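# Close look at the chain arrangement
One letter stands for each residue in the lines below.
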Amino acid sequence: MLYQRSSALFAEAQQYIPGGVNSPVRAFKSVGGVPVLLKSAKGAYLTDADDRTYIDYINSWGPAIVGHTHPVVLEAVQQQAEKGFSFGTPTELETEIAKFIIDNVPNIDQIRMVSSGTEACMSAVRLARGFTKRDKIIKFEGCYHGHSDSFLIKAGSGAATFGNPNSPGVTQGTAKDTLLARYNDFEQIQQLFKDNSGEIAAIIIEPVAGNMGCVLPENDFLQKLRQICDENGTLLIFDEVMTGFRLAFGGAQEVFGIKADLVTYGKVIGGGMPVGAFAGRNEIMDCLAPKGAVYQAGTLSGNPLAMRAGLETLKLIRNDTEFYNRIHTTTETLGMEVGKILSEKGISHCINRRGSMMSVFFETDKVSNFDDAQKANHSMFNQFFHSLLENGIYLPPSGYETWFISDAIKDNEIEKTLEAIRKF
């Protein structure tokens, strides 16, 4: 049995943890089987409880962009740990990383740290409502902005994996203030503004979606959102928890040349530690307590271990002038070669890719929104996932998730991956 110890450990976990996991997609419910329990990671590789190794295309859902336990980041965290894990007070380190980000990212004046992407998006929406004095927001089917009540209205990612897009526990009162739209459907956005004139506080969007698989904006969709927000006094929120510092150092704002009013971050900004952040221009951020009336707080916000890991990761990226060219080329090569193999085998597919994010959808030729993603052959993806897992390749355990490529993935890892796909 390949996963003997993992299976035993998971059986034990189910006695003490709901479903045996602390985040639903880890349970392998979508792909079937028993989840692999991991015990260590280094560079491009994971090691499980049975001492089997895997090339990693999850990379902790994005943060490990420089590879796992990079020696520079590891040394910095070890040094910081000796000084203390958490103080619950302001530190110089918080200012250092805030200044570094603001100096290097377009269109933000202030940034506030939190402990997760969910907190970041939840706080950004609250701030947008406080600033505009309006209640309603627009979100897109298939985009996932964390598990705050306002966002669990036909969400993608984990919720879609279970075929349960409307979560019990979310009240009708909350749901009525969240307006749903189809990704890349601007006519629907126009109609929502017409039907809710003067009521919409913000549009929140993943500028490159990552939670229904990788889905790209089309036909100047983001530019049109910017324009309609300007015309209606509505804030545009870019959820860059996945895309921030991954598509480019300036994230989607830099890539698409669009100024968002608020931006949320996570993943890379913490270098693998639990972290999130939201940022914007002064007139909006000044509304936050203690300076303004919009309340937001967190005991572990700006945790020194997370700040150090994030700052060192960001410095590694910023100081390497070839970093993005290299990682994007790796992803392009991987995507093209995977596509060649599937085409040679007569397997209908669609590969969406932007920067170092990509997804493979089976038996479909185009995925532009959540409806398209649902029409893909997820049964075939499940077979694909397990075949690759058995051959030492660790993919996200759901056809609704994005692959994240790290800089530790080199030619050798790509060739091993392609060989596993040929076997499938």
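See the structure shown above.
Throughout what follows, the structure given in this document is the object of discussion.

Reading the values: the criteria
- Residues numbered from 1 in each chain as written.
- Predicted model: local features only at pLDDT ≥ 70, side-chain atom pairs only at ≥ 80, totals over all residues.
- Heavy atoms only, no water.
- Phe/Tyr/Trp six-rings, centres within 6.5 Å; stacked < 30°, edge-to-face > 60°.
- Helix = DSSP H or I, 4+ residues; strand = E, 2+ residues; numbered from the N terminus.
- Buried < 20%, exposed > 50% of the residue type's maximum accessible area, 1.4 Å probe, protein only.
- Axes fitted to C-alpha atoms, helices over the stretch in contact; angles between N-to-C directions.
- Parallel < 35°, antiparallel > 145°, perpendicular 65-115°, else oblique.
- Left-handed = near helix turned anticlockwise from the far one by under 90°.
- Contact = heavy atoms within 4.5 Å.
- Nonpolar A, V, L, I, M, F, W, Y, C, P; charged D, E, K, R; others polar.
- 1 Å grid on protein atoms, 1.4 Å probe; cavity = no way out; pocket = protein on both sides within 12 Å on 5 of 7 lines; lining within 4 Å.
- Points joined across faces, edges and corners; volume = space filled by probe spheres on them.
- Arc of directions from axis to C-beta.
- Polar contact = N/O pair within 3.5 Å; in protein donor to acceptor, adjacent residues only side chain to side chain.

Here the structure, examined in full by the defined rule, presents 16 aromatic pairs. Ring centres of phenylalanine 381 and phenylalanine 384 lie 6.3 Å apart, and the angle between their planes is 50 degrees; this geometry places the pair in the tilted category. With a gap of three residues between them, phenylalanine 381 and phenylalanine 384 both fall in helix 14 (residues 378-390), about one helical turn apart. The exposure classification of phenylalanine 381 matches that of phenylalanine 384, with both residues buried.

So, on to the packing of helix 2 (residues 71-81) against helix 11 (residues 304-318). The contact between helix 2 and helix 11 brings their axes to 9 Å, and the two run at 155 degrees. The angle between helix 2 and helix 11 places the two elements in the roughly antiparallel class. As for the relative orientation of helix 2 and helix 11, their crossing is right-handed in sense. From helix 2, Val72, Val73, Ala76, Val77, Gln80 and Ala81 reach across to helix 11, where they touch Pro304, Leu305, Arg308, Ala309, Glu312, Thr313 and Leu316. Of the residues that constitute the contact of helix 2 with helix 11, the class distribution is nine nonpolar, two polar and two charged.

Next up on the list: the environment of isoleucine 421. Topologically, isoleucine 421 is positioned in helix 15 (residues 411-423). For the pair isoleucine 421 and phenylalanine 385, spaced 36 residues apart in sequence, the C-alpha to C-alpha distance is 9.8 Å. The residues contacting isoleucine 421, other than those within four sequence positions of it, are Val338, Ile341, Leu342, Phe384 and Leu388.

On to the layout of surface pockets. In this model, the second largest pocket occupies a volume close to 450 Å³. Only helix 3 (92-104) and strand 4 (110-114) provide two or more residues apiece to the lining of the second largest pocket. Class assignment for the residues of the lining of the second largest pocket results in ten nonpolar, eleven polar and two charged.

To continue, consider unusual backbone geometry. One can expect most non-glycine residues to show negative phi and most peptide bonds to be in trans. Between alanine 289 and proline 290 the backbone carries a cis peptide bond, its omega angle lying at 15 degrees. Secondary-structure assignment places proline 290 in the loop between helix 10 (282-285) and helix 11. Unlike most non-glycine residues, asparagine 107 shows phi in positive territory, near 70 degrees. Position of asparagine 107 relative to the elements: it lies in the loop between helix 3 and strand 4. Here asparagine 107 falls in the partly exposed class, since its relative accessible area comes to 30%. The phi dihedral of phenylalanine 245 is positive, around 65 degrees, even though this residue is not glycine.

The next subject is helix 7 (residues 186-195). Those residues of helix 7 not exposed but buried are Phe186, Ile189, Leu192 and Phe193. Buried residues of helix 7, viewed axially, fall in a sector of 110 degrees; they line one side. The exposed set on the far side of helix 7, more than 90 degrees from its buried face, consists of Glu187 and Lys194. Buried positions along helix 7 lie against strand 5 (136-140), strand 6 (178-181), strand 7 (200-205) and helix 8 (221-232). Of the residues that open helix 7, the one with a side-chain oxygen 3.3 Å from the backbone nitrogen of glutamate 187 is aspartate 185.

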